[in-house]
Amino acid sequence: MDYQALLERIADDVAPLVGSGTPAEYIPALAAVDPHRFGMAVADLDGKVYGTGDWEHPFSTQSVTKVFALALALSLGGDELWERVGREPSGNPFNSLVQLEYENGIPRNPFINAGALVVTDRLQTLTGDASSELLEFLRAESGNEELAFDSDVAASESEHGDRNAALAHFMASYGTIANPVPTLLDHYFWQCSIEMSCADLARAVRFLASHGVRADGSRLLTVSESKQINAVMMTCGTYDAAGEFAYRVGLPGKSGVGGGIVAVVPGRCTLCVWSPGLDGQGNSVAGVAALDRFTTLTGLSVF
């Protein structure tokens, strides 16, 4: 398949949508990003990457990192994680407190903020330094040793992180959180601040297309665990728009409010698209449209 020509066609097709939507204004460091940016990359299983637009421009990964934190936590600690977080779609905003109270402090899934805090808490227990462990993993899988945290974004998130703090303290009151809440929040904010490009992310997520095998050929996850993460991405990876994403795109995906989305074609390739303008559910307007065009033009979907 000529991925390069395909990506260039998709970029042309979605160009009218680039700039639509609104960057994440509640995080000042993200609100300042140029909404007219657009990049898209595809990585095959051998690590060859094709791209268009701003595909090598680093951006704030935000919630896209939740996929990698989940994979690390499962690889190091096994199924014990699922005793503290569910695997069901939320149907509510990603930072909802209401659902937590109804469900006794157990988050619906690992990709809403409450669930991601539980995953980071588990990773902190397993490693003693969750954010640094995650960064090193991403450097290895992307092949980019220059990946780094963005201290301005981390500080911005911390300064405006009252809702995440409320979620963490509420879960701690139920015994769902094992580490001190300030420590957990610090690692969570640093985790979300990691900057990567579409090329970096497309490479880094290949283990989910390779049924759990890392870039160096070692096994991170069992085939079953890889399948499970892909399944949760499909049903929960794009906030409370997961049904619409499955309908339009038909691939496991995970979005972030930085405007990035990763997607997986098991056994074939991985994708990342970035455009900062978000819809009302927090997903990139142009990014979703680009992935829709990819599956429509190629027929590559899990359905």
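If you're wondering where the values come from, they're calculated on a predicted model, not measured in any experiment. Positions within a chain are numbered from 1, following the residues in the order the chain's sequence is written. Local features in this predicted model are restricted to residues whose pLDDT is 70 or higher, and side-chain atom pairs enter the listing and the counts only when it is 80 or higher, whereas totals over whole chains, interfaces and linings include all residues. With hydrogens and water set aside, each side-chain value is computed from the structure's full complement of heavy atoms.

(A) How the structure looks around the sheet that holds strand β5 (residues 194-196). For two strands to be treated as a pair, DSSP must find at least two bridges joining them. Elements are defined by DSSP. Helices are runs of H or I of four residues or more, strands are runs of E of two residues or more, and each kind is numbered from the N terminus. If you walk across this open sheet you meet the three strands as β3-β5-β4, and the pairing is antiparallel. Because the sheet does not close on itself, it has two edges, and the strands there are β3 (59-60) and β4 (148-149). Here β4 runs beside β5; their pairing, made up of two bridges, is antiparallel. Within the sheet, the bridge partner assigned to A148 lies in β5 and is E195.

(B) Main features of the pattern of salt bridges. Salt bridges are defined as contacts in which a side-chain nitrogen from Lys or Arg sits within 4 Å of a carboxyl oxygen from Asp or Glu. Within this structure, the stated rule accounts for nine salt bridges. Close ionic contact of D13 with R9 constitutes a salt bridge, the shortest N to O distance being 3.9 Å. Taken together, the positions of D13 and R9, both in helix α1 (residues 3-14) and four residues apart, correspond to about one turn of that helix. We note a salt bridge from R122 to E80, for which the minimum N-O separation is 3.4 Å. With R122 in helix α5 (residues 113-127) and E80 in the loop between α3 (65-77) and α4 (98-102), this residue pair connects regions lying 42 residues apart in the sequence.

(C) Layout of the packing of helix α8 (residues 162-173) against helix α9 (residues 181-192). At a closest axis distance of 10 Å, the pairing of α8 and α9 adopts a crossing angle of 135°. Comparing the axis directions of α8 and α9 gives the class oblique. In this structure, α8 meets α9 at a crossing whose hand is right-handed. Contacts from N164, A165, A168, H169 and A172 in α8 reach V181, L184, L185, Y188 and F189 in α9. Residue polarity is assigned by list, with Asp, Glu, Lys and Arg as charged and Ala, Val, Leu, Ile, Met, Phe, Trp, Tyr, Cys and Pro as nonpolar; anything else, Gly included, falls into the polar class. When its residues are assigned to classes, the contact of α8 with α9 shows eight nonpolar, two polar and no charged. Lines are fitted to the C-alpha atoms to define the axes, a helix being fitted only along its stretch in contact, and any angle between axes, read from their N-to-C directions, falls within 0 to 180 degrees. In these notes the angle categories are as follows: under 35 degrees is roughly parallel, over 145 is roughly antiparallel, 65 to 115 is roughly perpendicular, and the rest is oblique. Left-handed is the label given to a crossing in which the near helix is rotated counterclockwise from the far helix by less than a right angle, and right-handed is the label when the rotation is clockwise. Here, two residues are considered to be in contact whenever any of their heavy atoms come within 4.5 Å of each other.

(D) Here's a closer look at the pairing of strand β7 (residues 260-265). For every residue, the accessible area (1.4 Å probe, protein chains only) is compared with the maximum for its type, and the residue is labelled buried under 20%, exposed over 50%, or partly exposed between those bounds. Where burial is concerned, most of β7 is hidden: six out of the six residues are buried. The alternating pattern of β7 places G260, V262 and V264 and I261, A263 and V265 on opposite faces, both of which are buried. Bridge count between strand β6 (residues 253-255) and β7: three bridges; the pairing is antiparallel. Each bridged residue has a counterpart across the sheet, and for S255 the counterpart in β7 is I261. Following β6, the chain reverses through four residues before pairing antiparallel with β7; G259 in that reversal takes a positive phi of roughly 100°. With six bridges joining them, β7 and strand β8 (residues 269-274) adopt antiparallel strand pairing.

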